[in-house]
Amino acid sequence: MLGSFDDSARMSFIHRHQVLRRPIGIAIATVVLLGFAVEVAHAASPAAWIEPWVSLFSLSYEQNVPTWLASCLLFTCAVLLGWIGVEGGRQRSPLRHYWYGLAAVFGYMSLDEFVGFHEHLSELVELHGVLYFSWVVPAAGVLAIMGAAFVPFLRRLPPRPRRQFLIAGAIYVGGALGMELPLGWWTERAGSDNLVYALIDGVEETMELSGTTLFLLALVEYLGASAVVAAPQMDG
């Protein structure tokens with residue numbers, strides 16, 4: 001069955017998981033540290049020479065190194081999700097449509113991370129305080145609907161990947177939506193061209209990168225462990 005974990009498979013995918021975890025962890029730690037470093041350096045001494053480095057590495061800017069990394073991680077998740085869906089389709093797994101759905105969602109998230117479609121939603125309605133970035137309202141609604149729709153999927157997963165997916169999702173959503181609330185509150189009062197804004201946004205982006213990475217590693221582990229054999233049958 002998909003999701004059955006024997007000892008030999010467990011040792012094999014744990015090894016691959018550990019090998020992959022180190023370079024990804026180093027890459028993310030480097031990007032995050034550089035992002036915070038350039039912001040602090042710019043706040044301490046806003047000299048002209050540091051501006052290009054802020055644009056290149058700041059966690060608050062778009063279409064730079066951190067954005068590229070986040071987009072690539074999300075796209076890799078989309079590819080792995082699609083792979084699991086295809087293999088599940090060969091087994092006629094009733095869960096295959098969930099995997100395809102997640103692949104489509106992560107594909108869109110990868111594009112949105114680089115282009116920033118969601119930010120234009122804030123132009124549709126003007127709110128204040130923690131809802132200053134008003135796109136979080138429709139985003140929270142969509143997330144709630146998707147969460148409810150995927151409850152049967154989560155119930156059919158083995159305990160370990162289910163726990164991993166939920167933890168990764170909680171970290172990502174906590175950053176993407178949760179941290180937008182204090183960020184919006186601060187932005188309305190002090191604007192976005194200051195160190196506090198950069199630090200709050202940096203925490204948000206770090207949580208998103210961490211959540212995506214944990215989900216990616218969980219997918220690698222799940223794919224290796226299951227070898228995508230027959231999926232557990234959903235009730236009915």
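See above for the structure.
Being a predicted model, the structure only gives us computed values, none of them experimental.

Break down the overall build of the chain for me, citing the residues and quoting the values.
The secondary structure content of the chain amounts to 9 helices and 0 strands. Secondary structure elements in the chain, listed N-terminal to C-terminal, are α-α-α-α-α-α-α-α-α. Expressed as a percentage of the 236 residues in the chain, the buried residues total 42%. Pairs at least 24 apart in sequence give 73% of the contacts found in the chain among residues at least 6 apart. Working note: accessible area of the chain is about 12300 Å², and carbon and sulfur atoms make up 68% of it.

Please set out the side chain of Glu180 residue by residue, giving values where relevant.
Along the chain, the position of Glu180 falls in helix α8 (residues 180-190). One buried charge, Glu180, has no salt-bridge partner; the nearest side chain with opposite charge is Arg189, at 14 Å. Every residue in contact with Glu180, bar those within four places of it in the chain, is listed here: Val130, Phe133, Trp135, Val136, Gly175 and Glu204.

Got a sec to walk through the packing of aromatic side chains? Specific residues and values, please.
Counted according to the given criterion, the structure contains 12 aromatic pairs. On the numbers, 4.8 Å between centres and 85° between planes, the contact of Trp99 with Phe153 is edge-to-face. One end of the pair, Trp99, is in helix α4 (residues 96-115); the other, Phe153, is in helix α6 (residues 151-156), with 54 residues separating them in the sequence. A relative accessible area of 1% means that Trp99 is categorised as buried.

How would you sum up a nonpolar patch on the surface? Please name residues and give values.
A cluster of nonpolar residues, Trp68, Tyr108, Leu111, Phe114, Val115 and Phe117, forms a patch on the protein surface that exposes about 590 Å² of accessible area. Among the elements that take part in the nonpolar patch, α4 stands out by supplying 4 residues, more than any other. Residue classification places Tyr108 among the partly exposed residues on the basis of a relative accessible area of 45%.

Got a sec to walk through the layout of surface pockets? Specific residues and values, please.
Roughly 230 Å³ of volume is contained in the second largest pocket. Lining the second largest pocket are Glu39, His42, Ala43, Val54, Ser60, Tyr61, Ser192, Asp193, Asn194, Leu195, Tyr197 and Ala198. Taken together, the elements giving at least two residues each to the lining of the second largest pocket come down to α1 (7-44) and α9 (195-226).

Before we move on, could you go through helix α3 (residues 65-90) and cite the residues and values that matter?
Given a rise of 1.5 Å per residue, 26 residues ought to cover 38 Å, and the 38 Å separating the end C-alpha atoms of α3 matches this to within 8%. Two residues or fewer after α3 comes Arg92, characterised by a positive phi angle close to 55°.

Outline unusual backbone geometry, supporting the account with residue identities and numerical values.
The phi torsion at Gln63 lies on the positive side, around 55°, for a residue other than glycine. Among the structural elements, Gln63 can be located in the loop between α2 (51-57) and α3. A relative accessible area of 54% means that Gln63 is categorised as exposed. Positive phi outside glycine occurs at Arg92, with the angle close to 55°. Relative to the helices and strands, Arg92 is located in the loop between α3 and α4. Given a relative accessible area of 64%, Arg92 falls into the exposed group.

Would you mind going over the environment of Val79 in detail, with residue names and values included?
Structurally, Val79 can be placed in helix α3. With relative accessibility at 45%, the residue Val79 sits in the partly exposed group.

Outline empty space enclosed by the protein, listing residues and values.
Throughout the structure, instances matching the rule amount to 1 cavity of 30 Å³ or more. For the largest cavity, the calculated volume is near 40 Å³. Every residue along the wall of the largest cavity is listed here: Ala70, Leu73, Leu74, Glu113, Tyr172, Glu208, Leu209 and Thr212. Elements represented by at least two residues in the lining of the largest cavity include exactly α3 and α9. Each residue belonging to the lining of the largest cavity can be placed in one class, and the counts come to 5 nonpolar, 1 polar and 2 charged.

What counts as what
- For every chain, the first residue of its written sequence is number 1, and the numbers climb from 1 along that sequence.
- At least 70 in pLDDT is required for a residue's local features to be given in this predicted model, at least 80 for side-chain atom pairs to be given and counted, and no such filter applies to totals for whole chains, interfaces and linings, which use all residues.
- Think of the side-chain values as coming from all heavy atoms in the structure, minus any hydrogens and water.
- Starting at the N terminus, helices and strands are each numbered in turn, a helix being any DSSP run of H or I of at least four residues and a strand any DSSP run of E of at least two.
- Only protein chains enter the accessibility calculation, which uses a 1.4 Å probe; a residue is then buried when its area is under 20% of its type maximum, exposed when over 50%, and partly exposed in between.
- Note on contacts: a residue pair qualifies if any of its non-hydrogen atoms lie within 4.5 Å across the two residues.
- Reported accessibility uses the Shrake-Rupley method at a 1.4 Å probe radius. Residues are deemed covered only where the shown protein chains occlude them.
- When charges are counted, Lys and Arg are positive and Asp and Glu negative, with His and the chain ends excluded.
- Counted as salt bridges are all cases of a side-chain nitrogen of Lys or Arg within 4 Å of a carboxyl oxygen of Asp or Glu.
- Only rings of Phe, Tyr and Trp enter the pairing, Trp through its six-membered ring, and a pair is recorded when the two centres are within 6.5 Å. The plane angle decides the type: under 30 degrees is stacked, over 60 is edge-to-face, the rest tilted.
- Patch membership needs two things, relative accessible area over 30% and no salt bridge, and members are linked within 9 Å if like-charged or within 5 Å if nonpolar (Val, Leu, Ile, Met, Phe, Trp, Tyr).
- Within this scheme a cavity is a closed region of a 1 Å grid, computed over the protein atoms alone, that accommodates a 1.4 Å probe without allowing it to escape, whereas a pocket is open but has protein on both sides within 12 Å along at least five of seven lines; lining residues each have an atom within 4 Å of a point.
- Grid points are joined across faces, edges and corners, and a volume is the space filled by probe spheres set on the points.
- To estimate how far a helix should reach, multiply one less than its number of residues by 1.5 Å.
- Amino acids outside the nonpolar list (Ala, Val, Leu, Ile, Met, Phe, Trp, Tyr, Cys, Pro) and the charged list (Asp, Glu, Lys, Arg) are all regarded as polar, and Gly is one of them.

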